[in-house]
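Architecture at a glance
Residues per chain, in single letters:
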Amino acid sequence: GKINQAEIAVLREAFAAGSRLGEGTAMSRRVQADIDFHRAIYRISGNALIVEALDPLWPHMQRAMVLVLEAGPLRKRAWREHRQIMESILDGEPDASAAAASAHATEAGIQTEMRLRERGA
């Protein structure tokens, strides 16, 4: 179906807010910006079950997000990937957005594992 204009505005603002965060931004704010972006993507999907199913998982996912967001280059890469996902969705390209989202999730998993190994966790 057609994407709701209000949801598009929320998605664009969530992306802009996350992209604007400077080097001195508190980690709690970085994590919240990332969550806000992901939630906006889930809402725009039109599948309320995604939002509902993932809500209880955020506290666990936040731990992994902190590991990735701590590293400047990884943080910049994540937001570049977010832009690609958002633009594919807004361009009405479901295959491209699915591929971009899958690549983003895979990369986040790989980076989380690498960061955990570095810490000897």
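Throughout, residues of each chain are indexed from 1 in the direction in which the sequence is written. The model is predicted, so local features are restricted to residues of pLDDT at least 70 and side-chain atom pairs to those at 80 or more, both for listing and for counting; the totals for chains, interfaces and linings are taken over all residues. Hydrogens and water are ignored here; the side-chain numbers use all heavy atoms of the structure.

In this section: the overall build of the protein. Of regular secondary structure, the protein possesses six helices and zero strands. A helix here means a DSSP run of H or I that spans at least four residues, while a strand means a run of E at least two residues long, and both kinds are numbered starting from the N terminus. Along the protein, from the amino end to the carboxyl end, the secondary structure elements read α-α-α-α-α-α. Here the globule rule is a power law, 2.2 Å times the number of residues to the power 0.38, and the radius of gyration is based on C-alpha atoms. A globule of 121 residues ought to have a C-alpha radius of gyration of about 14 Å, and the protein, at 14 Å, matches this closely. Across its three principal directions, the C-alpha atoms of the protein cover 45 × 25 × 25 Å. For every residue, the accessible area (1.4 Å probe, protein chains only) is compared with the maximum for its type, and the residue is labelled buried under 20%, exposed over 50%, or partly exposed between those bounds. Out of the 121 residues belonging to the protein, those deemed buried represent 36%. Considering only contacts in the protein between residues 6 or more positions apart, those separated by 24 or more positions represent 65%. As displayed, the protein has an accessible area near 7,300 Å², and 56% of this comes from carbon and sulfur atoms. Positive and negative charge centroids in the protein, built from 16 and 16 side chains respectively, lie 6 Å apart. The contact criterion used is simple: two residues touch if any of their non-hydrogen atoms lie within 4.5 Å. Throughout, the Shrake-Rupley method with a 1.4 Å probe supplies accessible areas, and for residues the shown protein chains are the sole cover considered. Counted as positive: Lys and Arg. Counted as negative: Asp and Glu. His and the chain ends are not counted at all. Note on charges: their place is set at NZ of Lys, CZ of Arg, CG of Asp or CD of Glu.

Let's shift gears to helix 2 (residues 27-44). The end-to-end C-alpha distance of helix 2 is 26 Å, a good match for the 26 Å that 18 residues give at a rise of 1.5 Å each. Among all positions of helix 2, only Arg30, Val31, Ala33, Asp34, Ile35, Phe37, His38, Ala40, Ile41, Tyr42 and Ile44 are buried. Where helix 2 terminates, the next one or two residues include glycine 46, which has phi positive at roughly 80°. Expected span, for any helix, means 1.5 Å times one less than how many residues it has.

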